Amino acid sequence: MTTDEVVGESSRGRRLGGHVVLGVLSLACVFPIYWLYATSLRAPQDVYSLSVLPWPLSTASYTEAFAKNDVLGMLFNTGVIAVLSALGQLLVALLAAYAFAAWRFPLQRLLYLMFVGTWLVPFQATMLPNYVLLSRLGLLETLAGVIVPTLCSALGVLLLREHLNSFPKELLDAARMDGRSSWSTLWTVVVPALRPALAALGILLAISAWNEYFWPAMVLQRSNAVVQLGLRSFMGTEGNDWGPLMATAGLACLPVFVLYLVLQRHIVNAFVRSGLK
Amino acid sequence: MSRIQLQGLTRRFGAVTAVDDIGLDVADGEFLVLLGPSGCGKSTLLRMIAGLLPPSEGRLWLDDTEITHLPPQRRDVAMVFQSYALYPHLSVARNIGFPLRTRKRPRAEIKAKVAEVAATLGLTDLLDRKPRELSGGQRQRVALGRALVRDPGAFLMDEPLSNLDAKLRAGTRAEIAGLHRRLRATTVYVTHDQVEAMTMATRIALLNEGRLEQLGTPSEVYDAPASVFAATFLGSPAMNVVDTTVRAVDGTLVAEAEGLRLSLGIDADIPDRPVRLGVRPEHLTLTSAGGQGIRAVVTAVENLGSEEVAHCDTGVSVRGPRPLGVVPGEAVTLSARPEHLHLFDHDSGRRLAWQAASVPQPV
Ligand SMILES: Nc1ncnc2c1ncn2[C@@H]1O[C@H](COP(=O)(O)OP(=O)(O)OP(=O)(O)O)[C@@H](O)[C@H]1O
Ligand SMILES: [Mg+2]
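Cut-offs applied
Residues numbered from 1 in each chain as written. Chains lettered and ligands numbered in written order. Predicted model: local features only at pLDDT ≥ 70, side-chain atom pairs only at ≥ 80, totals over all residues. Heavy atoms only, no water. Buried < 20%, exposed > 50% of the residue type's maximum accessible area, 1.4 Å probe, protein only. Helix = DSSP H or I, 4+ residues; strand = E, 2+ residues; numbered from the N terminus. Pairing = 2+ DSSP bridges. Core = buried A, V, L, I, M, F, W, Y, C linked by side-chain atoms within 4.5 Å. Contact = heavy atoms within 4.5 Å. Buried area = accessible area lost by both parts, 1.4 Å probe. Salt bridge = Lys/Arg side-chain N within 4 Å of Asp/Glu carboxyl O. Polar contact = N/O pair within 3.5 Å; in protein donor to acceptor, adjacent residues only side chain to side chain. Nonpolar A, V, L, I, M, F, W, Y, C, P; charged D, E, K, R; others polar. Domains from an automatic or database assignment. Expected span 1.5 Å × (residues − 1). UniProt positions renumbered as here; feature names shortened; annotations may be inferred. Axes fitted to C-alpha atoms, helices over the stretch in contact; angles between N-to-C directions. Phe/Tyr/Trp six-rings, centres within 6.5 Å; stacked < 30°, edge-to-face > 60°. Near = heavy atom within 4 Å. Areas by Shrake-Rupley, 256 points an atom, 1.4 Å probe, with all protein chains shown as cover.

Caption draft 1: Local environment of the pairing of strand 6 (residues 77-80) of chain B. Residue and element names in this part refer to chain B. Side chains of strand 6 alternate between two faces, with Val77 and Met79 and Ala78 and Val80 buried alike. Judged from the four bridges that link them, strand 6 and strand 7 (residues 154-158) form a sheet pairing that is parallel. When the bridges of strand 7 are listed, valine 80 appears paired with methionine 157.

Caption draft 2: Representation of the nonpolar core within the structure. In this structure, Leu6(B), Leu34(B) and Leu45(B) are the most contacted members of the largest nonpolar core, which totals 66 residues. Top element by residues in this core is helix 3 (residues 71-102) of chain A. It accounts for nine residues. Formed by 43 residues, the second largest nonpolar core is a distinct cluster that contains Leu164(B), Ala197(B), Ala201(B) and Leu234(B).

Caption draft 3: Expanded view of the interface of chain A and chain B. With 14 residues of chain A at the contact, the number on the chain B side is 25 residues. Surface buried jointly by chain A and chain B totals about 1700 Å² across both partners, of which 58% is contributed by carbon and sulfur atoms. Area buried by chain A at its contact with chain B is led by Glu170(A), Met177(A) and Asp178(A), which between them contribute 42% of it. The salt bridge involving Asp173(A) is made with Arg47(B); its shortest N-O contact spans 2.7 Å. Run the count over chain A and chain B and you get nine residue pairs in polar contact (both at pLDDT 80 or more). Broken down by secondary-structure element, the contributors of at least two residues to the side of chain A that touches chain B are helix 8 (169-177) and helix 9 (182-193) of chain A. Per-element accounting of the side of chain A that touches chain B gives the leading share, seven residues, to helix 8 of chain A. Within the side of chain A that touches chain B, the residues separate by chemical class into seven nonpolar, two polar and five charged.

Caption draft 4: Region of the structure containing the domain arrangement of chain A. All names here are of chain A. When cut into domains, chain A gives domain 1 (3-40) and domain 2 (68-276). Using C-alpha coordinates to define each centre, domain 1 is positioned 32 Å away from domain 2. Each partner contributes residues to the interface: domain 1 has five residues there, and domain 2 has eight residues. Each partner contributes to the roughly 510 Å² buried at the junction of domain 1 and domain 2, and carbon and sulfur atoms together form 82% of this total. Taken as a group, Leu36, Tyr37 and Ser40 account for 75% of the area that domain 1 buries against domain 2, more than any other trio of residues on that side. Counting across the domain 1 and domain 2 interface gives zero salt bridges. Tallied by class, the residues present in the side of domain 1 that touches domain 2 amount to three nonpolar, two polar and no charged.

Caption draft 5: Layout of the pattern of salt bridges. Residues and elements named next belong to chain B. Going through the model one piece at a time under the given rule, you end up with 20 salt bridges over all chains. For glutamate 57, the salt bridge goes to arginine 12, with nearest N and O atoms at 2.7 Å. Of this pair, glutamate 57 sits in strand 4 (residues 57-62) while arginine 12 sits in strand 1 (residues 4-13); the two residues are 45 residues apart in sequence, bridging distant segments of the chain. Judged by its relative accessible area of 42%, glutamate 57 is partly exposed. Given the relative accessible area of 35%, arginine 12 is considered partly exposed. Notably, a salt bridge pairs glutamate 116 with lysine 113, separated by 4.0 Å at the nearest N-O pair.

Caption draft 6: Quick peek at the environment of Val219(A). All names here are of chain A. Relative to the helices and strands, valine 219 resides in helix 11 (residues 214-220). Among the residues examined, valine 219 registers a relative accessible area of 0% and is labelled buried. Along the chain, valine 219 and proline 122 lie 97 residues apart, while their C-alpha atoms are 18 Å from each other. Setting aside its immediate chain neighbours within four residues, valine 219 contacts Leu134, Leu139, Leu140, Glu141, Thr142, Gly145 and Val146.

Caption draft 7: Fine view of helix 5 (residues 166-183) of chain B. All names here are of chain B. Taking 1.5 Å of rise per residue, 18 residues should cover 26 Å, and helix 5 covers 26 Å from first to last C-alpha, within 8% of that figure. The complete set of buried residues in helix 5 reads Thr172, Arg173, Ile176, Ala177, Gly178, Leu179 and His180. In this fold, the buried residues of helix 5 make contact with strand 3 (31-35), helix 3 (107-121), helix 4 (136-148), strand 7, strand 8 (186-191) and helix 6 (194-200). Positive phi appears at arginine 184, one or two residues downstream of helix 5, with a value of about 55 degrees.

Caption draft 8: Expanded view of the UniProt feature "transmembrane region" (unreviewed entry) in chain A. Residues and elements named next belong to chain A. UniProt marks residues 20-37, 80-103, 110-133, 139-160, 186-210 and 242-263 with the feature "transmembrane region" (unreviewed entry), using the numbering shown here. Along residues 80-103 one finds 96% helix and 0% strand; the C-alpha atoms at either end are 34 Å apart. With 55% helix and 0% strand, residues 139-160 has its two end C-alpha atoms placed 30 Å apart.

Caption draft 9: Seen up close, the sheet that holds strand 2 (residues 16-26) of chain B. Residues and elements named next belong to chain B. Pairing within the open sheet is antiparallel, and its four strands lie in the order 2-1-4-5. The two strands at the open ends of the sheet, each matched to only one other strand, are strand 2 and strand 5 (65-66). Relative to strand 4, strand 1 is paired through five bridges, and the arrangement is antiparallel. Residue pairing across strands places glutamine 7 opposite arginine 59, the latter belonging to strand 4. In the packing of helix 1 (residues 42-50) onto the sheet, contacts are made with strand 1, strand 2 and strand 4, and the angle to strand 1 comes to roughly 120 degrees.

Caption draft 10: A look at the packing of aromatic side chains. All names here are of chain A. The tally for this structure, following the rule as stated, stands at twelve aromatic pairs over all chains. When the ring of tyrosine 98 is compared with that of tryptophan 103, the centres are 6.1 Å apart and the planes differ by 50 degrees; the resulting orientation is tilted. Relative accessible area serves as the criterion here: at 41%, tryptophan 103 is assigned to the partly exposed category. Between the aromatic rings of phenylalanine 100 and phenylalanine 105, the centroid separation amounts to 5.9 Å while the plane-to-plane angle is 35 degrees, which identifies the pairing as tilted.

Caption draft 11: Summary view of the site of ligand 1. Residue and element names in this part refer to chain B. Around ligand 1, the neighbouring residues are Phe13, Ala18, Ser38, Gly39, Cys40, Gly41, Lys42, Ser43, Thr44 and Glu159. Within the contact set of ligand 1, an oxygen atom lies 3.0 Å away from a backbone nitrogen or oxygen of glycine 41. Between ligand 1 and serine 43, the relevant distance is 2.6 Å, taken from an oxygen atom to a side-chain nitrogen or oxygen of the residue. Within the complex, the protein chains bury 57% of what would otherwise be the 630 Å² of accessible surface of ligand 1. With three residues, the single largest contributor to the shell around ligand 1 is helix 1. Counted by class, the shell around ligand 1 contains three nonpolar, five polar and two charged residues.

Caption draft 12: Representation of the sheet that holds strand 7 of chain B. Residue and element names in this part refer to chain B. In space, the six strands of this open sheet follow the order 6-7-8-3-9-10, with mixed pairing throughout. The open sheet terminates on both sides in strands that have one partner only, identified here as strand 6 and strand 10 (211-216). Taking each pair of neighbouring strands and ignoring which way they run, the sheet shows an average axis angle of 20 degrees. Two strands pair when backbone bridges link them, and strand 7 and strand 8 are joined in this way by five bridges, in the parallel orientation. Across the sheet, the residue bridging to alanine 154 is threonine 186, located in strand 8.

Now the structure itself:
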């Protein structure tokens, strides 16, 4: 008898079966990623080889990718977009959610519904007006043009308001009794207490900004300022340049994987909390 | 140290009147307990005094300043919350020092003051801990410390002991009472626990459905309850209240009902009048069956250790030193001395007092 048996646990066989299914599923998830890195490490003439192990190893694809594009610059730009967009959204969401949760004001429900409503409007519907606006502002083909329209995210407001609604109201009252203004209560009481939730949301927003392809492609047009666009340069009408394409894609995924390894718990948390993906 | 005055304080939430026209004058150094059942408006009243909730009507003074429209930080009062409301991300020392940091006091002064308060409350060894690393009683003391550190004119406490277990509660009760004796700070203390009210209060304000039912010292409220509500709210088990008729028999007044006849000890001659008669369980004595009193059959006997409580079929209970000497099923007669009988108006439930002047004196 082991102590970690679960009451009502069925036979060993069924448990084994469950593990096999999970194992196969995770293999199916991991395999494309493995294949991506495997291909990027093959010698140029072996790119179409189907051998499971890439042998002999070669960094030729990486050399070519770096020669053709400023990969580091692209990674840096993408990083800037991801970080600024995430921070901006966090700030906007925090202020809006705090107002909705801590105060009572007229038309509160209506305003909140409108916030939520913007979440339901598909990206395709706002894409063109945003594009025209950016063009008038002269922000096309700039990083600012990519970032600014993403700054207000209904998702962030929604998630943070839920957190703030379950935030103990007596703490806000206590801060008021202790002499803090609303503004200072937000920064000295609410934000520190909500740090895990804010970190989780920030990571979620940064990763989705990092992975965004379509919107940067529209705003930045033909330039290859961000890494997801840089991938295009290896796709051509006469076929794709798989080696450097995979090398660049591998580098593009790397920061997300590293982030995931370092902050695993927070990220899983973020996706679970958001109920998305 | 401050005096708090309330005048006609009222708070409505939509159609509900949570606090209804309350006037109180809390003297400097007083320990006023707001007592009442759940939902009677105690917290609402306290939050209005704190400035966390604007009153619908009425006015408030702290000493000679009207504070009705002042925000909480400009009222010289500190509050202890039921949930303690400690800042979870700050250490005990920083929690206690928080109000002083808000007021931009010099660092050295804050440190000294926090150390002094921590020493008073026996928290010195816990100053570096986070609230989640503390027991309930320790958290409660930190919350108290955060209020103490400000040297406020008055303390407001909303059921500060309700999250503690019985033993800790008794200890902390004594501690708070001791602290009040030492500091002589005006305190308004909310509770629904009658033991806390009786032991700690200099005066009790008994609330019922938002209205002030009775205001008085613990003994006044216990010995001369102003209404049936007050009579049955305090005391354990509650005061026995029976519908009776007062009539004159042979020139003295007696209260009569089915199986009940008790002399009021007043010589007078008045027309019959329905009243509600109250008598505390500890004021009833068992007499041999057959005499004058309340006739009843014992249904259950409760052992409280030093005392016993006998419950009877008519809803009356008796309390006395153990053993009472009765067993369930036994028929008993209960009597009480006239000075221990309370009379309440049958309709309004208010206390009736005998006014000799109104008695037609026989010549
Ligand atoms: N924000 C509010 N909105 C609507 N009604 C409220 C609000 N706050 C309190 N009430 C109502 O006012 C009444 C008094 O509430 P209050 O919290 O003051 O009671 P209490 O005496 O403190 O009770 P307890 O002992 O359970 O804490 C209740 O009927 C409650 O439902
Ligand atoms: Mg309450």
